[in-house]
Amino acid sequence: MADYSMYHALGQGEVLDPNDPRRTTQPAPPQFQPPVAPNPYQQQGHPQPGAYHGPPPGQPYPGPSPPMPSPGFNQFQAQAAFPSGPVSPADDGGLIAQMGGMSLGADAGHGTARRKKKDRHAYHNVDAPAGSSQAFNGIPPAGTPATSYLNATPQLGPGQFAGGIPPQAGLFPAPTSPGFNPTPASPAEFAARSGQFEPVPSPTVVPASGQAKVSPDDMPSVPLSRDSVQPYFFTSMYPTFERLVPPPATVSFAALDQGNSSPKFARLTMTTIPATGEALKTTAVPLGLLLQPLASLQAGELPIPVLDFGDVGPPRCHRCRAYINPFMMFRSGGNKFVCNLCNYANDTPVEYFCATSPQGVRVDRDQRPELTRGTVEFVVPKEFWNKEPLGMRYLFVIDVTQESFNKGFLESFCEGILGALYGVEEGEERDENGEPKRRIPAGAKVGFVTFDKEVHFYNVSPALEQAQMMIMPDIEDPFVPLSEGLFVDPYESKAVITSLLTRLPQMFSSIKNPEPALLSTLNSAIAALEKTGGKIFCSLSALPTWGPGRLFMRDDGKHPGGEPDKKLFSTEHPAWRKMAEKMVSIGVGVDFFMAAPSGGYLDIATVGYVAATTGGETFYYPNFIAPRDNTKLSLEIKHAVTRETGYQALMKVRCSNGLQISAYHGNFIQHTFGADLEIGVLDADKALGVTFTYDAKLDPKLDAHFQAALLYTTASGQRRVRCLNIIAGVDDNAKNCIKFIDQDAVLSIMAKEASTKLATTSSTLKDIRLGLTEKTIDVLAAYRKHFLSQAHPPGQLVMPERLKEFSMYMLGMVKCRAFKGGNESSDRRVHEMRLIRSMGALELSLYLYPRMIPIHNLQPEDGFPDEATGHLRVPPSIRTSFSRVEPGGVYIVDNGQQTLLWFHAQTSPNLIQDLFGEDKTTLQSLDAYTSTLPVLPTHLNAQVRNILEFLKTMRGSKGLTIQLARQGIDGAEFEFARMLVEDRNNEAQSYVDWLVHLHKAVQLELAGQRKREDAGDGGALSQFTGLRPSYW
Ligand SMILES: [Zn+2]
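Remember, predicted model here, so these are calculated numbers, not experimental data.

**Quick look at the overall build of the protein**
Okay, step 1: Looking only at helices and strands, the protein features 27 helices and 29 strands.
Okay, step 2: Counting all 1032 residues of the protein, 64% fall into the buried class.
Okay, step 3: Summed over all atoms, the accessible surface of the protein reaches about 36,400 Å², with 52% contributed by carbon and sulfur.

Next up, the structure:
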């Protein structure tokens, strides 16, 4: 059901039209300001469009012929099987033999080189979507021939968005087109939302056999799926109750919380779920929930309300302990409230009583955020404390060993901390005294420890002239050698701290111990934080080979068949495991900044285990070069220190009767199945997955409910519960549910489950890849078997509308460093495997399929705010394939972890000058360690810096700096080749071949002849103690 109009009729809802001037509960969102880079450039008229298209002086352009592979590419062709030029359909005999019957795909103009000006503008039009129900859910406009979907050009623009563009959704921030009709949805449109009167969304069809030539453009395009939706959400909010399928995770959108948590905090794999486990099984899609409880909001979104119910705490259900939320129903004139999760009728506490209207609505409802908002925070009383909540302790633990000093990592790390605490950026907000705003909240304190084979604590009391060092001599039995002055307010002690961090590299320049005693250091840090809890930021530049818990070189780099010994994926070291558990029990977590200056082994499996278990993060610099990586390190320290962080956390997920939790996937400790998740620290970037099974049939007349409650202490020292409330419709017919699939949630759950499986079972990498492949086939075959309303020729591969790009993302997963075939160091594999377990949907999406933006053919308006909307005009991305690369082209390629600036060998000298300065005219003249663009008064320079500023706002935890990848010059070209995930690389197929492979397997499945290549479902997961196998 989940029908908003019905919900309203029950008296528990209110139609929240964000544009309704009479609305009482939601103020109009503030205007979003696009990020714009510092800019000396005054935009005065446009340069000649196409200034970079013409042949550069004295250097004839190669013309329209395919780019010749440079020697640089040949170097790694053998390893990466990287196509050396554009793959024309005719070249791809294997595909053509099997594909056909389809006209050129929709995004030919999008995915390929954009030569026609007209095409380029298509994505910037912020014209309203068609204001009728026909625009959403892929319903063809009236009069569309029934066959049009087989050969038609899918619509571009907002109508393309399968998630449904609500015609009634609010304009945000202001109408941009007189054509937009912001009237509320009609009852029929609301009803359509529940899936009752709506045909199945049109599937996407890729012909996978036949004779005629076909362009790879026919394959569903990830860049198109992202770009086509963005313009709509630049001008409209996402109302969380009216619209139940969220925009793609890579889209910037402002959510309007209508009682259902924003997709930024919670994404269900499907927002209308089948009534039974059997029906769910026919979809082959898991029922799961991706939770990112402290996700950051963006401008235009309302802050999370913080509510204090005093000593009694927030009202809760007496039976299941669920917190009060917008979906609890008040009865008996307000004397009872019925729990939406367990259906128990509770007595309303006297102090919370309020009369209800004749319609059954509490008369104070609109004044109560806990009854109107899906995400709220409750300040909780003492019974929720296990120790006095305090402002968080930030303990910086700094590696001062020889390698750290020699490679400039020590200096960079100290500078990074200073920048994080005191740095002032241009245009940054200031407080009333004109001082920069505090980066860490009042009440929070900082402390400093350094280590090599000894551990040194520092008294940084503001009363001192200079910091005092105290050596902790006994690394066998660590303790804290000072009682006062270790933790201070960073602003009161600014002078002492600044002086200390500035002098540290000099202080250790002559000592140079090679071996760090990390375990002892962290144990003494635990001693310092035992009473308070807190967060550790620890640098490390060498394998910790000294003292108790010393580690040794476990990975000799020999991995026969690309399969490392499973022991390399985890740690059996009891002292390290014990330490990690101890940290969680006292409310401590660690972020590591690990640099391998010579690419050496750091045993991330063991050291990073501490970060992963405590809810922290590992920032890994596999080949740290100070001049190049300084800026990235600084950005990441600043981000880690300043992002919203809570500590001493416990998490509990509740769901409606009939459902039960089958597994959690993420970084935490769970002592017994069913117990709360224990998390040392949790920050804005961390997400975890929960999967569910059925233990009874759900009533399709009722909705299904989920509530995630995170009990934590804020960095400012308040004990709170953050509550996320999520609602889903229930339908007897699974066919109606597949219209409500959220592709990003499905991918996240599958990726996290694969990562858990690799870390905790005997499954090999090959097993994981086969498992992912088989799951992709399961989903496509299940759709074809159970849900197609019209017959399709066997030669067509049919993809569910909501999972159009699913196959491509799954190929990206098979190719990612964590799971790919071929040789990779265990450090990198383990690092990325854990990353996947903690990533949110946005970071994962980019990780599986990078953004690639050409910058050699920008339109003059690109990279500047659109006059109509105030948003930056971001040029469209292209498919990540070498076949899309143009001669002379320059591309930003960003996978959320690193950002490459790739230059074709024939790049115009004019372009290089405009980007880097008058004196730079050749690729060879550029500094290989360039990490940022200079600020120049040229149009192109301003455009590209603005685009990079925008990309900074659309990623996870990693700092955005550029790394040069010049064709035939830089080693980073290999990374570029890796990121072109549509090509054959990373020991796996091209997108085209992958689809052909999937299609064949689907055919076999339909014919009853498929032989599964994996071990089947559930087998590996059922080996967990206390874990039921998930059904898929
Ligand atoms: Zn209950």
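Structure shown, so let's carry the discussion forward.
**Thoughts on the packing of aromatic side chains**
Okay, step 1: Across all of its chains, the model carries 26 aromatic pairs by this definition.
Okay, step 2: Seen from their ring centres, Phe-903 and Phe-916 are 6.1 Å apart, and the 45° between their planes marks the pair as tilted. Of this pair, Phe-903 sits in strand β28 (residues 899-903) while Phe-916 sits in helix α24 (residues 909-916), and the two are 13 residues apart along the sequence.
Okay, step 3: Phe-903 gets classed as buried once you look at its relative accessible area, which sits at 0%.
Okay, step 4: For Phe-916, a relative accessible area of 9% translates into the label buried.
Okay, step 5: Joined through ring pairs, the aromatic side chains of Phe-309, Tyr-323, Phe-330, Phe-337, Tyr-352 and Phe-378 make up one cluster.

**Brief notes about the coordination of the zinc ion**
Okay, step 1: Here the zinc ion is held by Cys-317 (SG), Cys-320 (SG), Cys-339 (SG) and Cys-342 (SG), and the distances to it run 2.2 to 2.3 Å.
Okay, step 2: In this structure, the zinc ion is coordinated by four donor atoms arranged in tetrahedral fashion, with angles at the metal of 101 to 115°.
Okay, step 3: Along the chain, the residues donating to the zinc ion fall in the pattern C-x2-C-x18-C-x2-C. Both residues of the pair, Cys-339 and Cys-342, count as buried.

**Observations concerning the packing of helix α19 (residues 743-760) against helix α20 (residues 765-786)**
Okay, step 1: Their axes nearest at 10 Å, the elements α19 and α20 cross at an angle of 150°. On the basis of the axis angle, α19 is roughly antiparallel to α20. The chirality of how α19 crosses α20 is right-handed. Between α19, through Met-750, Glu-753, Ala-754, Lys-757 and Leu-758, and α20, the contact on the second element is made entirely by Leu-765, Ile-768, Leu-772, Lys-775 and Val-779.
Okay, step 2: Among the residues forming the contact of α19 with α20, the class breakdown is seven nonpolar, no polar and three charged.

**A short note on the sheet that holds β28**
Hydrogen bonds between backbone groups are what pair the strands of a sheet, and the pairing can be parallel or antiparallel.
Okay, step 1: Within the open sheet, the four strands sit side by side as β26-β27-β28-β29. Their pairing is mixed. Both edges of this open sheet fall to β26 (851-854) and β29 (962-966), since each of them pairs with a single strand only. When the angles between neighbouring strand axes are averaged without regard to direction, this sheet yields 20°.
Okay, step 2: Examined bridge by bridge, β26 and strand β27 (residues 890-894) share four bridges and lie antiparallel to one another. Its bridge partner lying in β27, Arg-851 is registered against Asp-894.

**Considerations on the UniProt feature "domain: Zinc finger Sec23/Sec24-type" (unreviewed entry) in the protein**
Okay, step 1: According to UniProt, the positions carrying the feature "domain: Zinc finger Sec23/Sec24-type" (unreviewed entry) are residues 314-352.
Okay, step 2: The straight-line gap between the two end C-alpha atoms of residues 314-352 is 9 Å; of that span, 0% is helix and 23% is strand.

**Describing the pairing of strand β22 (residues 688-694)**
Okay, step 1: Taken across its seven residues, β22 has seven buried, putting it largely inside the fold.
Okay, step 2: What you see with β22 is no split at all: Leu-688, Val-690, Phe-692 and Tyr-694 on one side and Gly-689, Thr-691 and Thr-693 on the other are buried throughout.
Okay, step 3: Relative to β22, strand β20 (residues 659-665) runs antiparallel, the two being bridged by six bridges. Counterpart to His-665 in the pairing with β22 is Gly-689.

**Remarks on the packing of α19 against helix α23 (residues 841-848)**
Okay, step 1: Across the interface, α19 lies against α23 with an axial gap of 10 Å and an inter-helix angle of 80°. One way to sum up the angle between α19 and α23 is to call them roughly perpendicular. In contact with Asp-744, Leu-747, Ser-748 and Ala-751 of α19, α23 contributes Ala-841, Leu-844 and Ser-845.
Okay, step 2: In terms of residue class, the contact of α19 with α23 is built from four nonpolar, two polar and one charged.

**Quick notes on the sheet that holds strand β10 (residues 345-347)**
Okay, step 1: The strand order across the open sheet built from three strands is β8-β9-β10, with neighbouring strands paired in antiparallel fashion. Strands at the two margins of the open sheet, each flanked by one partner only, are β8 (329-331) and β10. Recorded for the sheet is a direction-independent mean angle of 35° between the axes of neighbouring strands.

**Regarding helix α16 (residues 604-614)**
Okay, step 1: Among the eleven residues that make up α16, eleven are buried, leaving the element largely enclosed by the rest of the structure.
Okay, step 2: Residues of α16 that are buried: Ile-604, Ala-605, Thr-606, Val-607, Gly-608, Tyr-609, Val-610, Ala-611, Ala-612, Thr-613 and Thr-614.
Okay, step 3: Positive phi appears at Gly-615, one or two residues downstream of α16, with a value of about 90°.

**Quick word on the nonpolar core**
Okay, step 1: Ile-273, Leu-291, Ile-536, Phe-592, Phe-706 and Phe-819 are the most contacted members of the largest nonpolar core, which has 143 residues in total.
Okay, step 2: For this core, the element with the most residues is α20, which contributes nine residues.
Okay, step 3: In this structure, Tyr-422, Ala-444, Phe-624 and Val-641 belong to the second largest nonpolar core, which totals 42 residues.

**Digging into unusual backbone geometry**
Backbone geometry follows two general trends: most residues other than glycine have a negative phi, and most peptide bonds adopt the trans configuration.
Okay, step 1: Within the chain, Ala-284 stands out as a residue other than glycine whose phi angle is a positive 60°.
Okay, step 2: The residue Ala-284 is located in the loop between α10 (277-281) and β6 (288-291) in this model.
Okay, step 3: Non-glycine residue Ser-332 carries a positive phi angle of around 50°.
Okay, step 4: Relative to the assigned elements, Ser-332 resides in the loop between β8 and β9 (336-338).

**Let's talk about helix α25 (residues 939-952)**
Okay, step 1: Along its 14 residues, α25 runs 20 Å from first to last C-alpha, staying within 8% of the 20 Å computed at 1.5 Å per residue.
Okay, step 2: For α25, the buried fraction is high: twelve of the 14 residues fall into the buried class.
Okay, step 3: On its buried face, α25 sits against α9 (230-235), β26, β27, β28, α24 and β29.

**Comments concerning the side chain of Asp-217**
Okay, step 1: Locating Asp-217 in the fold gives a position in the loop between β1 (204-207) and α8 (222-227).
Okay, step 2: Within the structure, Asp-217 has its side chain in polar contact with the side chain of Arg-884 (distance 2.8 Å).

**Quick notes on the pattern of salt bridges**
Okay, step 1: According to the stated counting rule, one finds 46 salt bridges in the structure shown.
Okay, step 2: Taking the shortest distance from any N to any O, the salt bridge between Arg-1010 and Glu-774 comes out at 2.5 Å. Linking Arg-1010 in the segment after α27 (991-1006) with Glu-774 in helix α20, this pair joins segments that are 236 residues apart in sequence. Neither residue differs from the other here; Arg-1010 and Glu-774 are each classed as buried.
Okay, step 3: Two residues, Arg-955 and Asp-894, come together in a salt bridge whose shortest N-O distance is 2.9 Å. Taken together, the residues span a long stretch of sequence, with Arg-955 in the loop between α25 and β29 and Asp-894 in strand β27 at a distance of 61 residues.
Okay, step 4: According to the relative accessible area criterion, Arg-955 is buried, its value standing at 8%.
Okay, step 5: By relative accessible area, Asp-894 is classed as buried at 0%.
Okay, step 6: Counted as one network, the salt bridges with shared partners bring together Lys-535, Asp-591, Glu-617, Arg-643, Asp-683, Asp-685, Lys-686, Glu-843 and Lys-958.

**Quick look at the environment of Phe-265**
Okay, step 1: Examined against the element boundaries, Phe-265 turns out to sit in the loop between β3 (255-256) and β4 (266-268).
Okay, step 2: On the basis of relative accessibility, which here comes to 3%, the residue Phe-265 falls in the buried class.
Okay, step 3: As a C-alpha pair, Phe-265 and Leu-724 span 459 residues in sequence and 7.4 Å in three-dimensional space.
Okay, step 4: Among residues more than four places away in sequence, those in contact with Phe-265 are Leu-290, Leu-291, Gln-292, Pro-293, Leu-294, Ala-295, Leu-297, Ile-304, Thr-375, Arg-722 and Leu-724.

Rules used throughout
- Residues numbered from 1 in each chain as written.
- Predicted model: local features only at pLDDT ≥ 70, side-chain atom pairs only at ≥ 80, totals over all residues.
- Heavy atoms only, no water.
- Helix = DSSP H or I, 4+ residues; strand = E, 2+ residues; numbered from the N terminus.
- Buried < 20%, exposed > 50% of the residue type's maximum accessible area, 1.4 Å probe, protein only.
- Areas by Shrake-Rupley, 256 points an atom, 1.4 Å probe, with all protein chains shown as cover.
- Phe/Tyr/Trp six-rings, centres within 6.5 Å; stacked < 30°, edge-to-face > 60°.
- Donors = N, O, S within 2.8 Å, 3.2 Å for Na, K, Ca; no water.
- Tetrahedral: all angles 85-135°; square planar, octahedral: opposite > 155°, others 65-115°.
- Axes fitted to C-alpha atoms, helices over the stretch in contact; angles between N-to-C directions.
- Parallel < 35°, antiparallel > 145°, perpendicular 65-115°, else oblique.
- Left-handed = near helix turned anticlockwise from the far one by under 90°.
- Contact = heavy atoms within 4.5 Å.
- Nonpolar A, V, L, I, M, F, W, Y, C, P; charged D, E, K, R; others polar.
- Pairing = 2+ DSSP bridges.
- UniProt positions renumbered as here; feature names shortened; annotations may be inferred.
- Core = buried A, V, L, I, M, F, W, Y, C linked by side-chain atoms within 4.5 Å.
- Expected span 1.5 Å × (residues − 1).
- Polar contact = N/O pair within 3.5 Å; in protein donor to acceptor, adjacent residues only side chain to side chain.
- Salt bridge = Lys/Arg side-chain N within 4 Å of Asp/Glu carboxyl O.

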